[in-house]
Amino acid sequence: MRELLINFKNRLSSGETVIGPFMKTGDPAFVEAAGYAGFDFVILDTEHGPVTIENMQNNIRAALVAGTVPIIRTQDSSESSIGKALDIGAFGVQVPQVQNAEQALAVVKRAKFHPKGERGVCRFVRAAKYSTLERNRYFAEANEALVILQLEGLEALENIDAILDVPDVDIIFIGPYDLSQSLGMPGQTGHPQVVEKMRFIVEKARARNIVVGTFVDTPDGVQTWKDAGVQYISYSVDVGIFADACQEIAKLIRG
């Protein structure tokens, strides 16, 4: 399965755009279906979603069966949240509410083993094939996991240069909804001020060859941010996609 992650990274390095939804479901069937549908990755949500870390293991298994990259959005930036997500086999962690370089550096240290970090060591976990994977190979391969930082507020904007200086960060993810709230216009993700701040982050990151991601929930939004150079695009949420499809079917039936 390591080849799936390596291929994903190579695609980003070559400038390709990848797309995948946030997943709040506790049912692995939805994750598996998303993979078969052609999504490049799924963001398994433990910040806002109701799924426990124990049940999330089966969502990771479902993603791998369907050939899509499983990424966990952690509940927070704590050592426990990051470590558990990686222990159960997530190919990366997407950490919310990173506001400054100190927090960014702490995330990297908690996600990486020595010499890049200080992640707590346990080989008797799913990611290490429950200790059957040769230990040195496990530690080396584990350090290839994606580190994705969510920048979502004015403080992060003020500290953007220092955050981007932190090594071993793979993707900078812009959270448009929380950013809009920090600007005093919650939910207005298309407001010119929100868009201006998002473009500011994109330009800063791309100038340093750092991959940028963001969330969109319309096809037009995909094209807008793809044209701006965003490569890691999270398209909507599983339950929202399902609700939209149900509404369209209901309208069709009712005429």
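It should be emphasised that the depicted structure is a prediction, and the values quoted were computed from it without experimental measurement.

## Things to note about the environment of I172
Examined against the element boundaries, I172 turns out to sit in strand β6 (residues 171-174). In the structure, I172 is positioned 17 residues away from T189 in sequence and 18 Å away in space, judged by C-alpha atoms. With residues up to four places along the chain from it excluded, the contact list for I172 reads L149, L151, I163, L164, I201, I210, V211, V212 and G213.

## Some points on the nonpolar core
If you look at the biggest cluster of nonpolar residues, it comprises 72 residues, and the most contacted ones within it are L149, L151, I172 and Y232. Within the second largest apolar cluster, six residues are counted, among which are F113, A128, L133 and A142.

## Considerations on the sheet that holds strand β7 (residues 211-216)
Through backbone hydrogen bonds, the strands of a sheet pair up, either in parallel or in antiparallel fashion. The sheet built from eight strands closes into a barrel, its strands ordered β1-β2-β3-β4-β5-β6-β7-β8 with parallel pairing. Sheet twist, expressed as the mean angle between neighbouring strand axes with direction ignored, is 25 degrees. Of the pairings in the sheet, the one linking β6 to β7 comprises four bridges and is parallel in character. In the sheet register, F173 faces β7, and the bridge partner there is G213. Of the strands in this sheet, β2 (41-45) and β3 (69-73) touch helix α3 (residues 53-65), which is tilted by about 155 degrees from β3. In the packing of helix α4 (residues 79-87) onto the sheet, contacts are made with β3 and β4 (92-95), and the angle to β4 comes to roughly 150 degrees.

## Regarding the packing of aromatic side chains
Taken as a whole and assessed by the stated rule, the structure comprises ten aromatic pairs. Ring geometry for F113 and F139: centres 5.1 Å apart, planes at 75 degrees, overall edge-to-face. Of the two residues, F113 sits in the loop between α5 (101-111) and α6 (135-142) while F139 sits in helix α6, which places them 26 residues apart along the sequence. Residue class for F113 comes out buried when judged on its relative accessible area of 3%. Between F173 and Y232 the ring centres are 6.0 Å apart and the planes differ by 85 degrees, which places this aromatic pair in the edge-to-face class.

Conventions used here
Residues numbered from 1 in each chain as written. Predicted model: local features only at pLDDT ≥ 70, side-chain atom pairs only at ≥ 80, totals over all residues. Heavy atoms only, no water. Helix = DSSP H or I, 4+ residues; strand = E, 2+ residues; numbered from the N terminus. Contact = heavy atoms within 4.5 Å. Core = buried A, V, L, I, M, F, W, Y, C linked by side-chain atoms within 4.5 Å. Buried < 20%, exposed > 50% of the residue type's maximum accessible area, 1.4 Å probe, protein only. Pairing = 2+ DSSP bridges. Axes fitted to C-alpha atoms, helices over the stretch in contact; angles between N-to-C directions. Phe/Tyr/Trp six-rings, centres within 6.5 Å; stacked < 30°, edge-to-face > 60°.

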